[in-house]
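# Descriptive analysis of the structure
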Amino acid sequence: QVQLVESGGGLVQFGGSLRLSCAASRSISSINIMGWYRQAPGKERELVAKIISGGTTNYGDFVKGRFTISRDNAKNTVYLQMTSLKPEDTGVYYCNAKYFTGSWSDYWGHGTQVTVSS
(Lines give C-alpha, C1' and ligand atoms only; values in the text may rest on other atoms or scores of the structure.)
Protein backbone atom coordinates (compact mmCIF):
# COMPACT_ATOMS: atom_id res chain seq x y z
CA GLN A 1 0.00 0.00 0.00
CA VAL A 2 1.13 3.57 -0.63
CA GLN A 3 -0.20 7.00 0.31
CA LEU A 4 0.30 9.82 -2.15
CA VAL A 5 0.26 13.52 -1.30
CA GLU A 6 0.21 16.13 -4.02
CA SER A 7 1.38 19.72 -3.64
CA GLY A 8 2.30 22.69 -5.78
CA GLY A 9 -1.03 23.60 -7.27
CA GLY A 10 -2.38 27.12 -7.29
CA LEU A 11 -3.49 30.05 -9.39
CA VAL A 12 -1.30 31.06 -12.29
CA GLN A 13 -1.73 33.36 -15.26
CA PHE A 14 -1.93 32.27 -18.89
CA GLY A 15 1.55 31.31 -20.08
CA GLY A 16 2.85 30.73 -16.57
CA SER A 17 4.48 27.70 -14.99
CA LEU A 18 3.90 25.42 -12.03
CA ARG A 19 5.69 22.41 -10.61
CA LEU A 20 3.57 19.77 -8.96
CA SER A 21 5.03 17.28 -6.52
CA CYS A 22 3.73 13.91 -5.43
CA ALA A 23 5.28 12.52 -2.26
CA ALA A 24 4.85 8.80 -1.65
CA SER A 25 4.76 7.14 1.77
CA ARG A 26 7.09 4.38 0.67
CA SER A 27 9.86 3.75 -1.81
CA ILE A 28 8.73 4.37 -5.36
CA SER A 29 11.60 2.46 -6.93
CA SER A 30 9.46 -0.68 -6.92
CA ILE A 31 6.36 1.07 -8.25
CA ASN A 32 5.93 0.18 -11.90
CA ILE A 33 4.14 3.30 -13.09
CA MET A 34 3.76 6.74 -11.55
CA GLY A 35 1.48 9.19 -13.25
CA TRP A 36 -0.43 12.43 -13.19
CA TYR A 37 -4.07 12.69 -14.21
CA ARG A 38 -6.38 15.66 -14.23
CA GLN A 39 -10.09 16.29 -14.07
CA ALA A 40 -11.82 19.47 -15.12
CA PRO A 41 -15.35 20.29 -13.96
CA GLY A 42 -17.88 18.24 -15.90
CA LYS A 43 -15.21 16.20 -17.64
CA GLU A 44 -13.73 12.77 -17.18
CA ARG A 45 -10.37 12.22 -15.57
CA GLU A 46 -7.63 12.07 -18.20
CA LEU A 47 -3.99 11.09 -18.34
CA VAL A 48 -1.55 13.97 -18.25
CA ALA A 49 1.72 12.07 -18.02
CA LYS A 50 3.15 8.83 -16.74
CA ILE A 51 6.61 7.48 -16.13
CA ILE A 52 7.47 3.81 -16.05
CA SER A 53 10.11 2.42 -13.71
CA GLY A 54 12.65 2.13 -16.53
CA GLY A 55 12.25 5.83 -17.28
CA THR A 56 9.96 5.71 -20.30
CA THR A 57 7.45 8.54 -20.31
CA ASN A 58 4.09 9.05 -22.00
CA TYR A 59 2.02 12.21 -22.25
CA GLY A 60 -1.50 13.14 -23.14
CA ASP A 61 -1.87 14.50 -26.66
CA PHE A 62 -2.79 17.93 -25.34
CA VAL A 63 0.57 18.32 -23.56
CA LYS A 64 2.46 19.01 -26.80
CA GLY A 65 5.86 19.38 -25.15
CA ARG A 66 4.72 21.77 -22.43
CA PHE A 67 4.95 19.39 -19.45
CA THR A 68 7.69 17.14 -18.12
CA ILE A 69 7.27 14.29 -15.68
CA SER A 70 10.18 13.08 -13.61
CA ARG A 71 10.79 10.89 -10.61
CA ASP A 72 13.33 11.10 -7.80
CA ASN A 73 13.53 7.66 -6.26
CA ALA A 74 15.78 8.91 -3.46
CA LYS A 75 13.07 11.34 -2.34
CA ASN A 76 10.15 9.05 -3.18
CA THR A 77 8.70 11.92 -5.18
CA VAL A 78 7.34 12.40 -8.66
CA TYR A 79 7.19 15.82 -10.27
CA LEU A 80 5.22 17.41 -13.04
CA GLN A 81 6.79 20.55 -14.45
CA MET A 82 4.18 22.50 -16.37
CA THR A 83 4.97 25.44 -18.63
CA SER A 84 3.02 27.56 -21.11
CA LEU A 85 -0.13 26.94 -19.10
CA LYS A 86 -3.50 27.66 -20.66
CA PRO A 87 -6.95 28.19 -19.10
CA GLU A 88 -7.97 24.77 -20.43
CA ASP A 89 -5.31 23.22 -18.18
CA THR A 90 -7.44 24.18 -15.20
CA GLY A 91 -8.53 21.25 -13.08
CA VAL A 92 -7.68 19.00 -10.18
CA TYR A 93 -4.44 17.14 -10.74
CA TYR A 94 -4.12 13.70 -9.19
CA CYS A 95 -1.08 11.57 -8.59
CA ASN A 96 -1.38 7.86 -9.36
CA ALA A 97 0.73 4.83 -8.57
CA LYS A 98 0.37 1.43 -10.18
CA TYR A 99 2.40 -1.60 -9.21
CA PHE A 100 2.23 -5.28 -9.93
CA THR A 101 2.60 -7.94 -7.25
CA GLY A 102 0.73 -10.81 -8.84
CA SER A 103 -2.07 -8.41 -9.68
CA TRP A 104 -2.17 -4.68 -10.32
CA SER A 105 -2.62 -2.29 -7.39
CA ASP A 106 -3.81 1.23 -8.11
CA TYR A 107 -3.52 4.18 -5.70
CA TRP A 108 -4.55 7.83 -5.91
CA GLY A 109 -3.75 10.99 -4.07
CA HIS A 110 -6.43 13.49 -3.07
CA GLY A 111 -5.48 15.95 -5.78
CA THR A 112 -4.24 19.51 -6.04
CA GLN A 113 -6.12 22.32 -7.76
CA VAL A 114 -4.55 24.11 -10.70
CA THR A 115 -6.28 27.23 -11.99
CA VAL A 116 -5.01 29.13 -15.01
CA SER A 117 -6.46 32.58 -15.55
CA SER A 118 -6.77 34.15 -18.97
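Each remark here, short or long, concerns the structure printed above.
First, a word on scope: everything that follows refers to the structure included in this document. (Residues numbered from 1 in each chain as written. Predicted model: local features only at pLDDT ≥ 70, side-chain atom pairs only at ≥ 80, totals over all residues. Heavy atoms only, no water.)

Let's shift gears to unusual backbone geometry. For residues other than glycine, phi is negative in most cases, and the peptide bonds are mostly trans. At Asn76, a position not held by glycine, the phi torsion is positive, near 55°. Here Asn76 is to be found in the loop between β7 (67-72) and β8 (77-82). Although it is not a glycine, Ser84 adopts a positive phi angle of roughly 50°. Within the fold, Ser84 resides in the loop between β8 and β9 (91-100). For Ser84, a relative accessible area of 39% corresponds to the partly exposed category. (Helix = DSSP H or I, 4+ residues; strand = E, 2+ residues; numbered from the N terminus. Buried < 20%, exposed > 50% of the residue type's maximum accessible area, 1.4 Å probe, protein only.)

This part covers the side chain of Arg66. Turning to its location among the elements, Arg66 is positioned in the loop between β6 (57-59) and β7. Using a relative accessible area of 10% as the deciding quantity, one classes Arg66 as buried. Residues within four places of Arg66 in sequence aside, it is in contact with Gln81, Met82, Thr83, Ser84, Leu85, Lys86 and Asp89. (Contact = heavy atoms within 4.5 Å.)

By the secondary structure assignment, Met34 is in strand β4 (residues 33-39). Between the alpha carbons of Met34 and Arg71 there is a distance of 8.2 Å; along the sequence they are 37 residues apart. In contact with Met34, other than residues within four places in its own chain, are Leu4, Cys22, Ile28, Ala49, Lys50, Ile51, Ile69, Arg71, Val78, Cys95, Asn96 and Ala97.

This part is about the packing of aromatic side chains. Applying the stated criterion across every chain, the model contains four aromatic pairs. For the ring pair Tyr37 and Trp108, a centre distance of 5.0 Å and an interplane angle of 65° mean the geometry is edge-to-face. Here the residue Tyr37 occupies a position in strand β4, and Trp108 occupies one in strand β10 (residues 104-108), the gap between them amounting to 71 residues. For Trp108, a relative accessible area of 35% puts it in the partly exposed group. (Phe/Tyr/Trp six-rings, centres within 6.5 Å; stacked < 30°, edge-to-face > 60°.)

Here we take up the pattern of salt bridges. If you walk through the whole model with that rule in mind, you get four salt bridges. Salt-bridge contacts for Asp89 lead to Arg38; the nearest nitrogen and oxygen are separated by 2.8 Å. Of this pair, Asp89 sits in the loop between β8 and β9 while Arg38 sits in strand β4; the two residues are 51 residues apart in sequence, bridging distant segments of the chain. The pair formed by Asp89 and Arg38 is uniform in burial state, with each residue classed as buried. Linking Lys98 and Asp106 is a salt bridge whose minimum nitrogen-to-oxygen distance equals 3.5 Å. Of the residues examined, Asp106 reaches a relative accessible area of 42% and is grouped as partly exposed. Residues joined by salt bridges that share partners form a network here, namely Arg38, Glu46, Arg66 and Asp89. (Salt bridge = Lys/Arg side-chain N within 4 Å of Asp/Glu carboxyl O.)

Ordered by their spatial adjacency, four strands build an open sheet running β1-β3-β8-β7, and the pairing between neighbours is antiparallel. Both outer strands of the open sheet, β1 (4-7) and β7, are each paired with one neighbouring strand and no more. Taking each pair of neighbouring strands and ignoring which way they run, the sheet shows an average axis angle of 15°. The pairing of strand β3 (residues 18-24) with β8 spans six bridges and is classified as antiparallel. By the bridge assignment, Ala23 is partnered in β8 with Thr77. (Pairing = 2+ DSSP bridges. Axes fitted to C-alpha atoms, helices over the stretch in contact; angles between N-to-C directions.)

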